[in-house]
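# Results of the structural survey
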Amino acid sequence: MFREIFRRKKKEPDHSFKLIYETFYSHVYKTAFFITKDYHSTQDIVQETFIKVFKNLDKLEDGSKMKAWISTITTRTAIDFIRKQRKGNEFETEDFDTLILNVSEHASTVEEEVEKYIFSEMIRSEIQKLSPEYRSVLYFKYIEDLKDQEIANVLGLNVPTVKTRIHRAKNQLKKKLHTKSFVDGEL
């Protein structure tokens, strides 16, 4: 389908752009919102992403890699946006509402459900405190369920860098959660 877009983009550029926008809007929005956790920022990032996509569409050589290419643009635009916001006013994003944890559906007691919920919220809170680089690899690894090679392609990194970021992010989470559990007495 995207090869057809490439052939038609010179003849019917408006139709091609509309098709790309309609096809990838929800993916771009979801990715940007996961990173920023702010509705207004996400709207700005979506707009900026599609501007970049349309300006640079001629640079994409393989139409079959369009989704990965657009994901890379979205992720980098969102991370840049957060960096700019933090430099200007120490912008803090909200909780990771879209983080899905594997919590058992059939807990035997109400207390277990409450404990799992508290632990899930604690994890969300701590993930939110990670740098955008770590949050983005966790997003692609555990929410989008991408393999390390696919994450590397999307983010324009090499596989060992992706593995290192995932490892470091998990270690930071473990340390924070371990410290928090002893300080707060929650575990």
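In this text, all values refer to a predicted model and were calculated from it rather than measured experimentally. (Residues numbered from 1 in each chain as written. Predicted model: local features only at pLDDT ≥ 70, side-chain atom pairs only at ≥ 80, totals over all residues. Heavy atoms only, no water.)

### Side note on the layout of surface pockets
Approximately 220 Å³ is the volume attributed to the second largest pocket. Lining the second largest pocket are 13 residues, and of these Lys67, Ala68, Leu146, Glu150 and Val154 sit closest to its centre. Listing elements by their share of the lining of the second largest pocket, those giving two or more residues are α4 (66-89) and α7 (148-155). Among the elements that make up the lining of the second largest pocket, the one with the highest residue count is α4 (four residues). Its residues placed into classes, the lining of the second largest pocket shows six nonpolar, three polar and four charged. Here the lining of the second largest pocket spans two domains, and each of domain 1 (1-88) and domain 2 (110-184) adds at least three residues to it. (1 Å grid on protein atoms, 1.4 Å probe; cavity = no way out; pocket = protein on both sides within 12 Å on 5 of 7 lines; lining within 4 Å. Points joined across faces, edges and corners; volume = space filled by probe spheres on them. Helix = DSSP H or I, 4+ residues; strand = E, 2+ residues; numbered from the N terminus. Nonpolar A, V, L, I, M, F, W, Y, C, P; charged D, E, K, R; others polar. Domains from an automatic or database assignment.)

### Examining the nonpolar core
Within the largest apolar cluster, twelve residues are counted, these being Ile20, Phe24, Val28, Val46, Phe50, Val53, Leu57, Leu60, Met66, Trp69, Ile70 and Ile73. In terms of residues, this core owes the most to one element, α4, which gives four residues. Not counting chain neighbours up to four residues away, the residues in contact with Val46 comprise Tyr25, Val28 and Tyr29. Phe34, Ala152, Val154 and Ile166 belong to the second largest nonpolar core, which has ten residues in total. (Core = buried A, V, L, I, M, F, W, Y, C linked by side-chain atoms within 4.5 Å. Buried < 20%, exposed > 50% of the residue type's maximum accessible area, 1.4 Å probe, protein only. Contact = heavy atoms within 4.5 Å.)

### Some details on the pattern of salt bridges
For the structure on display, the rule yields two salt bridges. A salt bridge links Lys129 to Glu126; the shortest N-O distance between them is 3.3 Å. A relative accessible area of 52% means that Lys129 is categorised as exposed. Residue Asp148 is joined to Lys141 by a salt bridge in which the shortest nitrogen-to-oxygen separation is 3.0 Å. On the accessibility criterion, Asp148 (17% relative accessible area) is buried. (Salt bridge = Lys/Arg side-chain N within 4 Å of Asp/Glu carboxyl O.)

### Details of α7
Regarding α7, the residues found buried are Asp148, Ile151, Ala152, Val154 and Leu155. For α7, the arc enclosing every buried residue in end-on projection is 165°, short of the 170-degree limit, so these residues lie on one face. (Arc of directions from axis to C-beta.)

### A few points about unusual backbone geometry
What you tend to see is this: most non-glycine residues have negative phi, and most peptide bonds are trans. Phi is positive for Lys37, close to 60°, though the residue is something other than glycine. The residue Lys37 is located in the loop between α2 (13-36) and α3 (39-56) in this model.

### Quick look at the confidence of the model for the protein chain
Residue-level pLDDT values for the protein chain average 75, and 71% of them are 70 or greater. The model gives residues 89-108 a pLDDT under 50, and that stretch makes 44 contacts with residues more than four places away or in other chains. (pLDDT = per-residue confidence, 0-100.)

### A closer look at the side chain of Thr77
Of note, Thr77 is situated in helix α4. With near-sequence residues (within four places) excluded, Thr77 lies in contact with Ile45, Glu48, Thr49 and Lys52.

### Concerning the packing of aromatic side chains
Taken as a whole, this structure holds eight aromatic pairs when the rule is applied. Where Phe17 meets Phe54, the ring centres are 4.5 Å apart and the plane angle is 40°; that geometry is what we call tilted. Here Phe17, found in helix α2, pairs with Phe54, found in helix α3; they are 37 residues apart in sequence, far enough to count as distant. A relative accessible area of 26% places Phe17 in the partly exposed class. The exposure class of Phe54 is partly exposed, given its relative accessible area of 24%. Taking 5.4 Å as the distance between ring centres and 45° as the angle between the ring planes, the aromatic pair formed by Tyr21 and Tyr25 counts as tilted. (Phe/Tyr/Trp six-rings, centres within 6.5 Å; stacked < 30°, edge-to-face > 60°.)

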